[in-house]
There are 2 protein chains.
Amino acid sequence: MSLSENLEQILSPAKVSQNKTILEQHSHDESYHTPKMPDVVVFPESVEDVVAVVNYARAAKIPLVPFGAGTSLEGHVVPVRGGISVDMSRMNRVLDIRPDDLAVHVQAGVTRLKLDAELRRHGLFFPVDPGADATLGGMASTNASGTTTVRYGAMRDNVRQLEVVLADGSLIRVGSRTAKSSSGYQLASLFVGAEGTLGVITSLWLRVYGRPEAIVAAAAQFPTLDAAVRASTTMVGAGVGVARVEFVEAPYLDAVNRFRGTSYSLTPTLFLEVHGSEPGVMAELALAETIANDEGCLAFSHVREEEVRNRLWEARHNALLAFMAQYPGHRHMSTDVCVPLSELPEAIRHARNELDNLSVKGAIIGHVGDGNFHVSIAFRPEDEEESSRVEEFGQRVVTQALSVGGTCTGEHGVGIGKRRYQAQEHGDSLYVMRAIKATLDPFGIMNPGKLVDP
Amino acid sequence: MSLSENLEQILSPAKVSQNKTILEQHSHDESYHTPKMPDVVVFPESVEDVVAVVNYARAAKIPLVPFGAGTSLEGHVVPVRGGISVDMSRMNRVLDIRPDDLAVHVQAGVTRLKLDAELRRHGLFFPVDPGADATLGGMASTNASGTTTVRYGAMRDNVRQLEVVLADGSLIRVGSRTAKSSSGYQLASLFVGAEGTLGVITSLWLRVYGRPEAIVAAAAQFPTLDAAVRASTTMVGAGVGVARVEFVEAPYLDAVNRFRGTSYSLTPTLFLEVHGSEPGVMAELALAETIANDEGCLAFSHVREEEVRNRLWEARHNALLAFMAQYPGHRHMSTDVCVPLSELPEAIRHARNELDNLSVKGAIIGHVGDGNFHVSIAFRPEDEEESSRVEEFGQRVVTQALSVGGTCTGEHGVGIGKRRYQAQEHGDSLYVMRAIKATLDPFGIMNPGKLVDP
């Protein structure tokens, strides 16, 4: 019997596909990495289905790649060695909402926006927002974060417990539903960010939060890149309770203005948001404005109504789309370094200089409250000369970040694209990571060619 | 040559001791567990010393037990199979304070109060406060937490990077100095809470915070245990920005009154603290008081000056001492379960009932904002009948907590005392923990007989 016939027998024909369009959909994510078709796509509908697929894959020594919404940015879901793409989208039930525990239990295929819609009815929200409507299982697998991480943390900080199918077919629960635990080794933090290389996440208990009583958003324009970045790091250092503090470079704003018909001043800008009680948010905002003014802020405006706030954040969220729209036929690559806060102004200055030096088409946007920034680059992979300049640029940005105690990826994850930096960043601890991988997945069937694979 | 002669040659005689008093000091922690003398105590003064001791111990197949301040509560530092006690107290330098990064780099033997004194000069503080003046290496090893964890998290949340000597003698760095990272497997969270069973922590980069502009403490008295606990969980659920919310049962307050000459009403009481900006703290406090009144609060008072606040917290911190002072010749045992918030009232009620049913001398105190509470028990280990009732009590408390999604230890760690519950709590993931242990420490020299050891 063929691979797909075997899987059809194990799962049922309705859960298995070799349709060309389906295979193509599972050959890539949203990054520039070279697509590769899986041999087959399966759509498990239960934990038992996942266990059955894993047991088959292990016995047959066939690679297995978990697939969420396909929104990753470093080729995480590309089946580089073929095999089975395990599409989790049918495991999309919100299993339990516990407002009194500030916790929710979801299957791995639930997407962020679906969860938000369900939580809203209970006056709750889940804070991790990577932009895309990713699945929670995928977000856990890359330790995703985003604009609100400066206040609420990344996925690792908001995952309480995971249910995982290991390569040997066993189903385990890791972590604890409690707010804290000192029992056993903390395996949940190991599976968060493991990119499907240690097992398939099937469900998650997540920490959720009451929706804040008051939210206020603000935009602050600065004369220079340095002033904007320094203002952001000072706000965090001074303990201003910002829930978001995002830096957007002028080239991005220019693109947004053209794409959306807005009229942002073409100066380095911080977009801010403060969450809290009514008197609390106004006090925090006043402090933020004082710090901004100390850095020569040109204009500081704030908005309160949800609709107006959403419009302001749309500018931030659509920045990438607008930027790329200027370059038809180009692919997108994003750097993702994160550095200690004090190193951020120099790291961003360095990136801007290198963009100019290498004539790379790029713009800088950043979760600057965390020391994390992206350089979004438009390029044509088929243009070898341009590609090599882009490649050179990416290396310089990472090398600079690592030299000051930074990391090659703050939130996108390693996937294919950041594998080359793992030895440089982690030194001998990379061997420990590989030893753990070999222990849990001795036959290397779990998303091979990613993360710590040589 | 003897064990100590070998170590003297490797390290120098001044760093090795077999003095009876020294051996005795390293035979126990602050718990009721049976002491056992190490064969020798070493006092490394550098990472190289630690590597040399580990290499010797591995070659000779001799157990190795890292020792901080000896303040652990589950026998973590007891060398149950003899061998070398590695006293880290001479590695006590604060290596680097970086206010702009909100980060500090310390050797593992630095104690909490020493760090606090150094940070205070920079307007900073490190929030994790387990009560005892433990070493930071020890606190990381047990994933310690305490009264402020409801706001600032446990050790795992505040460790950025660790330097660790593995059983094979290699020195690795795990984690990242940045606020977040998605690079590689998150090994820092694995070594935090590993209780020295995976390696010896030699230095730590920790997250620190600016000292709050305003701090206000409060005490709230309630008619019943249930009302007090419900008020605390409601405060957390409603997002009141409490930095501390501690429940203290009447028997504790009675002991404090007798021991310290105070005059606390003998009713279930919450001790609270709020940190923030001047207008912020008063708003949060008002919200806390409203919630307390909804639960029938009998009296709500707050204090602001540091000295008066300290006196209030002294009552909380001295509660255990005062409680034990009532029972001369008794040893102390503490339960440490943590449950989902909604389960806390029932878990505390259950514990109180079982104390009464089994005629165990105990009182309840809790970090109730995290769902974590302790029953402090006074007993005489030489009284077999009493010991078996205490044992029975501990098991009932843990079994109840596990049955509602709780953990057997919220902050003390597993050590010797909670080993028996690991299979029940973790199921098959215990085998994964053991596989990781076997991979990193194949000869079992690292603090054997603890945590995941069968």
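Residues numbered from 1 in each chain as written. Chains lettered and ligands numbered in written order. Predicted model: local features only at pLDDT ≥ 70, side-chain atom pairs only at ≥ 80, totals over all residues. Heavy atoms only, no water.

Novice: Hey, could you run me through the overall build of chain A in this one?
Specialist: The secondary structure content of chain A amounts to 17 helices and 18 strands. Viewed in the frame of its principal axes, chain A has a C-alpha envelope of about 70 × 55 × 45 Å. Here chain A holds 454 residues, and the buried ones make up 64% of them. A total accessible area of about 15800 Å² is found for chain A, and carbon and sulfur atoms account for 49% of it. The distance from the centre of the 42 positive side-chain charges to the centre of the 55 negative ones in chain A is 3 Å. (Helix = DSSP H or I, 4+ residues; strand = E, 2+ residues; numbered from the N terminus. Buried < 20%, exposed > 50% of the residue type's maximum accessible area, 1.4 Å probe, protein only. Areas by Shrake-Rupley, 256 points an atom, 1.4 Å probe, with all protein chains shown as cover. Lys, Arg positive; Asp, Glu negative; His and termini not counted. Charge placed at Lys NZ, Arg CZ, Asp CG, Glu CD.)

Novice: Hey, could you run me through the nonpolar core in this one?
Specialist: Generally speaking, a soluble globular protein has its nonpolar side chains buried in company with each other. Grouped together as the largest cluster of nonpolar side chains are 242 residues, with contacts concentrated most on I84 and M155 of chain A together with I84 and M155 of chain B. If we ignore the near neighbours within four places in the chain, the residues touching I84 of chain A are L3, L7, V40, V42, V53, Y56, A57, I62, P63, L64 and V65 of chain A. If you look at the next biggest cluster of nonpolar residues, it comprises 19 residues, including Y252, V303, W313 and F323 of chain A. (Core = buried A, V, L, I, M, F, W, Y, C linked by side-chain atoms within 4.5 Å. Contact = heavy atoms within 4.5 Å.)

Novice: Any chance you could explain the pairing of strand β6 (residues 103-107) of chain B here in plain terms?
Specialist: Moving residue by residue along a regular strand, the side chains alternate between the two faces of the sheet. Residues and elements named next belong to chain B. For β6, the tally of buried residues reaches 5 of 5 residues, placing the bulk of the element in the interior. One ladder, built from 4 bridges, connects strand β5 (residues 94-98) with β6; its direction is antiparallel. Across the sheet, the residue bridging to V94 is V106, located in β6. Connecting β5 to the next strand, β6, in antiparallel fashion are 4 residues, including L102 with a positive phi near 50 degrees. (Pairing = 2+ DSSP bridges.)

Novice: Is there a simple way to think about the interface of chain A and chain B in this case?
Specialist: Accessible area lost during the coming together of the parts is what is often quoted as the interface size. Contacts between the two partners involve 73 residues from chain A, matched on the other side by 73 residues from chain B. In total, about 5300 Å² of surface goes out of reach between chain A and chain B, with carbon and sulfur atoms giving 59% of it. Of all residues in chain A, the largest losses of buried area upon contact with chain B belong to K180, S182 and Y185 of chain A, amounting jointly to 18% of the total for that side. Along the contact surface separating chain A from chain B lie 4 salt bridges. Between D370 of chain B and K180 of chain A there is a salt bridge; the shortest N-O distance is 3.6 Å. On the surface where chain A and chain B come into contact, there are 33 residue pairs in polar contact (both at pLDDT 80 or more). Mapped by element, the contributors of at least two residues to the side of chain A that touches chain B are β9 (171-175), α8 (188-191), α9 (225-237), α11 (278-294), α16 (422-426) and α17 (429-440) of chain A. No other element matches the 8 residues that α17 of chain A contributes to the side of chain A that touches chain B. Counted by class, the side of chain A that touches chain B contains 27 nonpolar, 31 polar and 15 charged residues. (Buried area = accessible area lost by both parts, 1.4 Å probe. Salt bridge = Lys/Arg side-chain N within 4 Å of Asp/Glu carboxyl O. Polar contact = N/O pair within 3.5 Å; in protein donor to acceptor, adjacent residues only side chain to side chain. Nonpolar A, V, L, I, M, F, W, Y, C, P; charged D, E, K, R; others polar.)

Novice: Honestly, the pattern of salt bridges in this entry has me stumped. Any pointers?
Specialist: Between side chains of opposite charge, pairing is possible as soon as their charged atoms come close. All names here are of chain A. One pass over the structure, following the stated rule, counts 64 salt bridges over all chains. We note a salt bridge from D356 to R352, for which the minimum N-O separation is 2.8 Å. Remark: R352 and D356 occur in helix α14 (residues 344-357); sequence separation between them is 4 residues, near one turn of the helix. Each of D96, R98, D101 and R177 takes part in salt bridges that share partners, so that together they form one network.

Novice: Is there a simple way to explain the relation of the copies chain A and chain B in this structure?
Specialist: In this structure, two copies of a chain are linked by a rotation about an axis accompanied by a shift along it. When chain A is fitted onto chain B, the two copies agree to an RMSD of 0.0 Å after a turn of 180 degrees and an axial shift of 0.0 Å. Between the two chains, the operation in question is that of a two-fold axis. In terms of C-alpha distance to the rotation axis, chain A has G280 of chain A as its closest residue, with the C-alpha 2.5 Å off the axis. When you check the interface residues of chain A against chain B, 100% turn up at the interface there too, and the contact is symmetric in its surfaces. (Least-squares fit on C-alpha atoms with pLDDT ≥ 70 in both.)

Novice: Could you clarify how one ought to interpret the packing of helix α9 (residues 225-237) of chain B against helix α11 (residues 278-294) of chain B in this entry?
Specialist: What describes two packed helices is the angle between their axes and the distance between those same axes. Residues and elements named next belong to chain B. Contact geometry for α9 and α11: axes closest at 9 Å, N-to-C directions at 140 degrees. On the basis of the axis angle, α9 is oblique to α11. Taken as a pair, α9 and α11 cross one another with a handedness that is right-handed. Residues A231, T234 and M235 of α9 touch α11, and the partners they reach there are A288, I291 and A292. (Axes fitted to C-alpha atoms, helices over the stretch in contact; angles between N-to-C directions. Parallel < 35°, antiparallel > 145°, perpendicular 65-115°, else oblique. Left-handed = near helix turned anticlockwise from the far one by under 90°.)

Novice: Quick question: what am I supposed to make of the environment of K36 of chain B here?
Specialist: Residue and element names in this part refer to chain B. By the secondary structure assignment, K36 is in the loop between α2 (20-25) and β2 (40-42). In this structure K36 comes out as partly exposed when scored by relative accessible area, which is 38%. For K36 and L23, which are 13 residues apart along the polypeptide, the C-alpha to C-alpha distance reads 9.1 Å. Among all residues touching K36, those that are not within four sequence positions of it are H26, S27, V78, P79, V80, R81 and G82.

Novice: Got a minute to help me understand the side chain of Q107 of chain A in this structure?
Specialist: Residue and element names in this part refer to chain A. One can find Q107 in strand β6 (residues 103-107). With relative accessibility at 8%, the residue Q107 sits in the buried group. In this structure the side chain of Q107 is engaged in a polar contact, spanning 3.2 Å, whose partner is the backbone nitrogen of N92. Those residues in contact with Q107 that lie beyond four places of it in its chain are M91, N92, R93, L95, T202, S203 and L204.

Novice: In this structure, what is going on with the state of the cysteines? I would like to understand it.
Specialist: By definition, a disulfide links the sulfur atoms of two cysteine residues through a covalent bond. Taken as a whole, this structure holds 0 disulfides over all chains when the rule is applied. Cysteine C338 of chain B shares no disulfide, and the gap to the nearest cysteine sulfur, in C408 of chain B, comes to 11 Å. (Disulfide = S-S within 2.5 Å.)

Novice: Could you clarify how one ought to interpret the packing of aromatic side chains in this entry?
Specialist: The relation between two aromatic rings is expressed through the spacing of the ring centres and the mutual angle of the planes. For the coordinates displayed, the defined rule picks out 16 aromatic pairs over all chains. Arranged with centres 5.8 Å apart and planes meeting at 70 degrees, the rings of Y32 of chain A and F379 of chain A form a pair that is edge-to-face. Of the two residues, Y32 of chain A sits in the loop between α2 (20-25) and β2 (40-42) while F379 of chain A sits in strand β18 (residues 372-379), which places them 347 residues apart along the sequence. Geometrically, the ring pair formed by F125 of chain A and Y152 of chain A is edge-to-face, given 5.4 Å between the ring centres and 90 degrees between the ring planes. Here Y152 of chain A lies in helix α6 (residues 149-152) and F125 of chain A lies in strand β7 (residues 124-125), a separation of 27 residues in the sequence. Given the relative accessible area of 10%, F125 of chain A is considered buried. Here the aromatic cluster, defined as three or more aromatic residues joined through ring pairs, consists of F125, Y152 and Y209 of chain A. Taking NZ or CZ as reference, R244 of chain A lies 4.6 Å from the ring centre of W313 of chain A, over its face. One residue, K61 of chain B, lies across the ring of F443 of chain B, its end atom 4.2 Å from the ring centre. (Phe/Tyr/Trp six-rings, centres within 6.5 Å; stacked < 30°, edge-to-face > 60°. Lys NZ or Arg CZ within 6 Å of the ring centre and 35° of its normal.)

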